[in-house]
Amino acid sequence: MRDQQQTKDRGPRVISISSGKGGVGKTFFSVHLAARAANRGLKTLVLDSDFGLANVDVMLGLVATGSIYDVLHGTRSIDEVIVATRYGFDVIPGGSSLSELAHLSAAQQLLILENLNKLIADYDVVILDNAAGIGDNVLYFSSLTEEPVIVMTPEPTSLTDAYALIKVLHQQRHVKRFGVVVNKAPASGALLAFKRIRSVVDNYLQAYCSFLGSVDYRQDIPQLIQKQALLSEFVSASGDADVFDKVLDQYEGAGTRELLPYWRRELLCMDESS
Ligand SMILES: Nc1ncnc2c1ncn2[C@@H]1O[C@H](COP(=O)(O)OP(=O)(O)OP(=O)(O)O)[C@@H](O)[C@H]1O
Ligand SMILES: [Mg+2]
């Protein structure tokens, strides 16, 4: 309750979850973070921004009657496609098999940002569960916040791909700060992996990475996900979930970047040139 009151005072938390390599645990992390936030009494929403490859609704066994696709096509309002979960948070499904949303136009990006800014007024926490890689949509959603969260594992390919994403976000989207979560690793291995990526970022970019924490590899997670259930100790307020609490605390008051004027300008330029 106190947390809820403080959030109202300090503004929303918009948390963008991305990765260079696929399958590192973004959706796993997003839904547990959301459940944890809901458990702390925060009104929480997850936007599945991996359009076309339903992540969140499948992981949670939700029956989606609409998706962001309907909003982008003007057939439904954003409120009409929000689905409530049994964990106390809401989800906006990304839709499935929609290859046409793989590259959002400037007009669609603007529409999403305007809708997101409206939702921020209703929610304490908005989590963006992004696709993997360095595609246009990923860059767009990752750079909506000042400090995107990058999820990686200690595998060399995951580290290299995480660095590639950080580099592109920094050089093309001028993102200067990144929060790093290491998944599927014991605490010591996770810290080592973080130090590796931080040293490359320190050496080659004018950007800053902070370590948010880690989640160990656990045999029971894939089965739980298959059963469309969440880990209760990560969800319950008294459980051992340092990384989720740290993210919620660190991102308090983190809204979207001031990108509306930028996208409006982009859109005007496109109109003029067509
Ligand atoms: N800490 C963990 N221990 C064991 N398995 C995990 C852990 N975290 C996630 N997984 C498993 O890894 C797989 C990929 O997880 P998830 O779907 O969250 O990744 P993702 O990054 O969202 O993937 P994509 O890039 O395809 O969206 C799932 O089968 C999930 O159950
Ligand atoms: Mg995913």
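Each value, and the rule that gives it
- Residues numbered from 1 in each chain as written.
- Chains lettered and ligands numbered in written order.
- Predicted model: local features only at pLDDT ≥ 70, side-chain atom pairs only at ≥ 80, totals over all residues.
- Helix = DSSP H or I, 4+ residues; strand = E, 2+ residues; numbered from the N terminus.
- Contact = placed C-beta atoms within 7 Å.
- Buried ≥ 20, exposed ≤ 12 C-beta atoms within 10 Å, placed from the backbone.
- Pairing = 2+ DSSP bridges.
- Axes fitted to C-alpha atoms, helices over the stretch in contact; angles between N-to-C directions.
- Near = placed C-beta within 6 Å.
- Nonpolar A, V, L, I, M, F, W, Y, C, P; charged D, E, K, R; others polar.
- Right-handed = clockwise from strand over helix to strand, strands pointing away.
- Parallel < 35°, antiparallel > 145°, perpendicular 65-115°, else oblique.
- Expected span 1.5 Å × (residues − 1).
- Arc of directions from axis to C-beta.
- Left-handed = near helix turned anticlockwise from the far one by under 90°.

Asks: Would you mind showing me how to read the overall build of the chain here?
Replies: Assigned secondary structure in the chain consists of 12 helices and eight strands. In the chain, of all internal contacts separated by at least 6 residues, the share reaching a separation of at least 24 is 80%.

Asks: Explain the environment of Asp-57 to me, please; I cannot follow it from the model alone.
Replies: With respect to the secondary-structure elements, Asp-57 resides in helix 3 (residues 56–60). Overall, the presence of 22 C-beta atoms within 10 Å leaves Asp-57 in the buried class. Counting along the chain gives 37 residues from Asp-57 to Gly-94, while the straight-line C-alpha distance between them is 8.4 Å. Every residue in contact with Asp-57, bar those within four places of it in the chain, is listed here: Asp-48, Leu-62, Ala-64, Val-91 and Pro-93.

Asks: How should the sheet that holds strand 6 (residues 149–152) be read in this particular structure?
Replies: Strand pairing in a sheet relies on backbone hydrogen bonds. The paired strands run either parallel or antiparallel. Overall, mixed pairing links the eight strands, which are arranged 3-4-2-5-1-6-7-8 in an open sheet. Both edges of this open sheet fall to strand 3 (83–84) and strand 8 (208–215), since each of them pairs with a single strand only. Across the sheet, helix 8 (residues 187–204) lies against strand 6, strand 7 (177–183) and strand 8, angled at about 165 degrees from strand 8, the strand it touches most.

Asks: Before we go on, may I ask you to explain the site of ligand 1 in this structure?
Replies: Neighbouring residues of ligand 1: 19 residues in total, closest Gly-22, Gly-25, Lys-26, Thr-27 and Phe-28. Its residues assigned to classes, the shell around ligand 1 comprises eight nonpolar, seven polar and four charged.

Asks: Please clarify how the pairing of strand 6 should be interpreted in this entry.
Replies: Strand residues, when the strand is regular, have side chains that alternate between the two faces of the sheet. Of the two faces of strand 6, the one holding Val-149 and Val-151 and the one holding Ile-150 and Met-152 are both buried throughout. Summarising the sheet, strand 6 and strand 7 pair through four bridges and their orientation is parallel. For Val-151, the partnering residue across the bridge sits in strand 7 and is Val-181. In this region the chain leaves strand 6, passes through helix 7 (residues 156–173) and returns to the parallel neighbour strand 7; the handedness of that crossover is right-handed.

Asks: Is there a simple way to explain the packing of helix 2 (residues 26–39) against helix 11 (residues 242–250) in this structure?
Replies: Two packed helices can be described by the angle between their axes and the distance between those axes. Contact pair helix 2 / helix 11: the axes reach a minimum separation of 10 Å and the direction vectors enclose 70 degrees. Considering the angle they form, helix 2 stands roughly perpendicular to helix 11. Two secondary-structure elements touch here, helix 2 through His-32, Leu-33, Arg-36 and Ala-37 and helix 11 through Phe-244, Val-247 and Leu-248. Classifying every residue of the contact of helix 2 with helix 11 gives five nonpolar, one polar and one charged.

Asks: Just to check I follow, could you spell out helix 8 for this structure?
Replies: Because each turn of an α-helix spans 3.6 residues, side chains separated by three or four positions end up pointing in the same direction. Here helix 8 spans 26 Å end to end across 18 residues, near enough to the 26 Å set by a 1.5 Å rise per residue. Three or more residues of helix 8 are buried, namely Ala-190, Ala-193, Phe-194, Ile-197 and Val-201. Down the axis of helix 8, the smallest arc covering the buried residues is 100 degrees, so these residues share one side. Residues of helix 8 that are exposed and point more than 90 degrees away from the buried face comprise Ser-188, Lys-195, Ser-199, Asp-202 and Asn-203.

Asks: Before we go on, may I ask you to explain helix 7 in this structure?
Replies: In a regular helix each residue adds 1.5 Å, so 18 residues correspond to 26 Å; helix 7 covers 25 Å between its end C-alpha atoms and thus fits that length. Restricting attention to buried positions, one finds in helix 7 the residues Ser-158, Leu-159, Asp-161, Ala-162, Tyr-163, Leu-165, Ile-166, Leu-169 and His-170. Residues of helix 7 that are buried sit in contact with strand 1 (13–19), helix 6 (136–142), strand 6, strand 7 and helix 8. Of the residues trailing helix 7, His-174 is marked for its positive phi of about 60 degrees.

Asks: Is there a simple way to explain the environment of Gly-88 in this structure?
Replies: Checked against the element boundaries, Gly-88 lands in the loop between strand 3 and strand 4 (90–92). Residues Gly-88 and Gly-41 lie 47 residues apart in sequence; the distance between their C-alpha atoms is 9.1 Å. Setting aside anything within four residues of it in sequence, one finds Gly-88 in contact with Ala-38 and Asn-39.

Asks: I'm lost on the packing of helix 7 against helix 8 in this one. Help?
Replies: Between helix 7 and helix 8, the least distance of the axes is 10 Å, while the angle of their chain directions is 40 degrees. The angle between the axes of helix 7 and helix 8 places the two elements in the oblique class. The chirality of how helix 7 crosses helix 8 is right-handed. Contact residues: Leu-159, Ala-162, Tyr-163 and Ile-166 in helix 7; Ala-193, Arg-196, Ile-197, Val-200 and Val-201 in helix 8.

The values reported here are purely geometric and, on their own, carry no functional implication.
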